[in-house]
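Each chain, letter by letter, is given below.
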Amino acid sequence: MTGDGIRVVPSEGEPPVGSVRVRVASSGICGTDLHLVGLGPSAVILGHEFCGTLDDGTAVAVLPVVRCGTCDRCRAGQESQCRQALGSLYGIGLDGGLADETWIDPACAVRLPDGLPLDHANLVEPLAVGLHGVDRTGVAGGMRVLVIGDGPIGLCTVAAARYRGAEVDLEGRRPYRTDAGERLGASVTVGNDYDVVLDAAGTQESTARSVRLARPGGTVGILGTYWSPISLGLEFQMKELTLVPSFMYGHHHGVDEFAEGADILHSLPDLPDAVNTHRFGLDDAAEAFRVAADRDERPIKVVVRP
Ligand SMILES: [Zn+2]
Ligand SMILES: [Zn+2]
C-alpha cells in the first residue's frame, strides 16, 4: 500500500468462460484512470490501453470494450453507441491491463500488422480515439484542422488527422508536448478560420476557444471528456457551427477504427518515442500514477510494463 492508495495485488478467481489469456506487454495510464483513482478504490484492475501476446504467440492490441454486436447501433457499425457497452469495458467495468496477464473476450484481441513492434501498441487505443473524432467530423485531405489540447489524445488526434491528409495545427500549453506534436507533423503556429477544430481538452475554455477559431459553417469535434457541463453562446449559433461529440471508436466506411489505429502507429515510427515518455514496471505502478499526475515530471503517456 502506498500513500497514493495504489496496491499491487495477486490475481484471483477463475477466468471467464470462453476468454483467452493475454500476457501484457505494455499498458498506458490515461487521464480517465487518474480521474477514476481520484474517486476512490476501484472494484476492478484499471488499464484500458494495453497490448500483449496470446498463448499461441500472436501479438495483439486489446480492444477494451466487449461489443454486444446485436443491438441496432452495433449492427450499424456504430459500436461506440452500443446500448450495452458501458458495463463491459476492460479497465473500467471489467479487470483491465495493469497486470502481468489478464483474460479477454477473443473478439477483443486485435492482431497487429506484421512488422509493427509490440512494445508500443498501448498507443493503438488512444490513436483509435483520435481517429474516431477525425472521422466523425469528416476530416479529409486538404482541410485545415486545429487540434486544441496537447495531452496524449490531442497528440494522437494530430497523428490521425495527418493520416487522413489534413493540414493540422496544434494549440497547447506545454512546449515539451507541443514539440511532440511538431514531430507528428503539426504546426504550432495557430491561425483562425479552421474547417474543423478538434477539442481534445473538453473544458469550458477549450470549447469556447474551438468555437472562436472555427470558420463560419465549420465543425467542432469534442474528443476531450466533459467531466463538467459546458455552455455555448451566440457566436456558436451565429456561425452555424456543427458540434460533433466523439466517444471511443467504431467503424468508418466499414473499416474498424481500432484496427486502423494500429495502421497509424505502423505508419509513424516516430510516434512512440514522441508520446510514450515514461516507463515503469508493474511493481512501481504507484509511482507511475504519481508521475502521470505530476506536470513537473513532463509526462505525456506513462506506460507500465510487467
Ligand atoms: Zn483512455
Ligand atoms: Zn451493441
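The structure reproduced in this document is the subject of the present report. (Residues numbered from 1 in each chain as written. Chains lettered and ligands numbered in written order. Predicted model: local features only at pLDDT ≥ 70, side-chain atom pairs only at ≥ 80, totals over all residues. Heavy atoms only, no water.)

**Thoughts on the environment of Y176**
For step 1, the next point in the chain: As for its position among the elements, Y176 is in helix α5 (residues 175-183).
For step 2, the next point in the chain: Through-space distance from the C-alpha of Y176 to that of A274 is 9.6 Å; in sequence the pair is 98 residues apart.
For step 3, the next point in the chain: Other than its neighbours up to four places away in sequence, Y176 contacts R295, R298, P299 and I300.
For step 4, the next point in the chain: Within the structure, the side chain of Y176 is placed 3.0 Å from the backbone oxygen of P299, a separation counted as a polar contact. (Helix = DSSP H or I, 4+ residues; strand = E, 2+ residues; numbered from the N terminus. Contact = heavy atoms within 4.5 Å. Polar contact = N/O pair within 3.5 Å; in protein donor to acceptor, adjacent residues only side chain to side chain.)

**Concerning the sheet that holds strand β7 (residues 167-171)**
For step 1, the next point in the chain: Taken together, the 5 strands give an open sheet; going across it, the order is β7-β6-β8-β9-β10, and neighbouring strands pair in parallel fashion. Each end of this open sheet is capped by a strand with a single partner; those strands are β7 and β10 (242-245). Recorded for the sheet is a direction-independent mean angle of 20° between the axes of neighbouring strands.
For step 2, the next point in the chain: Sheet analysis places strand β6 (residues 144-148) next to strand β8 (residues 194-199), joined by 4 bridges and oriented parallel. In the sheet register, I148 faces β8, and the bridge partner there is D199.
For step 3, the next point in the chain: On the sheet, helix α6 (residues 204-213) packs against β6, β7, β8 and β9 (214-222) and is oriented at approximately 150° with respect to β9. (Pairing = 2+ DSSP bridges. Axes fitted to C-alpha atoms, helices over the stretch in contact; angles between N-to-C directions.)

**What to know about the coordination of the zinc ion (ligand 2)**
For step 1, the next point in the chain: Here the zinc ion (ligand 2) is held by C68 (SG), C71 (SG), C74 (SG) and C82 (SG), and the distances to it run 2.4 Å.
For step 2, the next point in the chain: Every donor counted, the 4 donor atoms about the zinc ion (ligand 2) form angles of 101 to 118° at the centre, which fits tetrahedral coordination.
For step 3, the next point in the chain: Mapped onto the sequence, the residues coordinating the zinc ion (ligand 2) show the spacing C-x2-C-x2-C-x7-C. As far as burial versus exposure is concerned, C71 and C74 are alike and both buried. (Donors = N, O, S within 2.8 Å, 3.2 Å for Na, K, Ca; no water. Tetrahedral: all angles 85-135°; square planar, octahedral: opposite > 155°, others 65-115°. Buried < 20%, exposed > 50% of the residue type's maximum accessible area, 1.4 Å probe, protein only.)

**Section: the side chain of T137**
For step 1, the next point in the chain: Relative to the helices and strands, T137 resides in the loop between α3 (124-136) and β6.
For step 2, the next point in the chain: Residue T137 is classed as buried on the basis of its relative accessible area of 9%.
For step 3, the next point in the chain: Ignoring any residue separated from it by four or fewer positions in sequence, one finds T137 in contact with V196, L198, T219, G221 and V244.

**Points about helix α10 (residues 285-292)**
For step 1, the next point in the chain: For α10, the tally of buried residues reaches 6 of 8 residues, placing the bulk of the element in the interior.
For step 2, the next point in the chain: Every buried residue of α10 is listed here: A285, A286, A288, F289, V291 and A292.

**Here we look at the packing of α3 against helix α8 (residues 257-267)**
For step 1, the next point in the chain: Contact geometry of α3 with α8 gives a least axis separation of 8 Å together with a crossing angle of 110°. Taken as axis vectors, α3 and α8 run roughly perpendicular relative to one another. Contacts between α3 and α8 involve V124, E125, L127, A128, L131, H132 and D135 on the former and, on the latter, E257, F258, E260, G261, A262, I264 and L265.
For step 2, the next point in the chain: Here the residues of the contact of α3 with α8 sort into 8 nonpolar, 2 polar and 4 charged. (Parallel < 35°, antiparallel > 145°, perpendicular 65-115°, else oblique. Nonpolar A, V, L, I, M, F, W, Y, C, P; charged D, E, K, R; others polar.)

The analysis is restricted to geometry; functional conclusions fall outside its scope.
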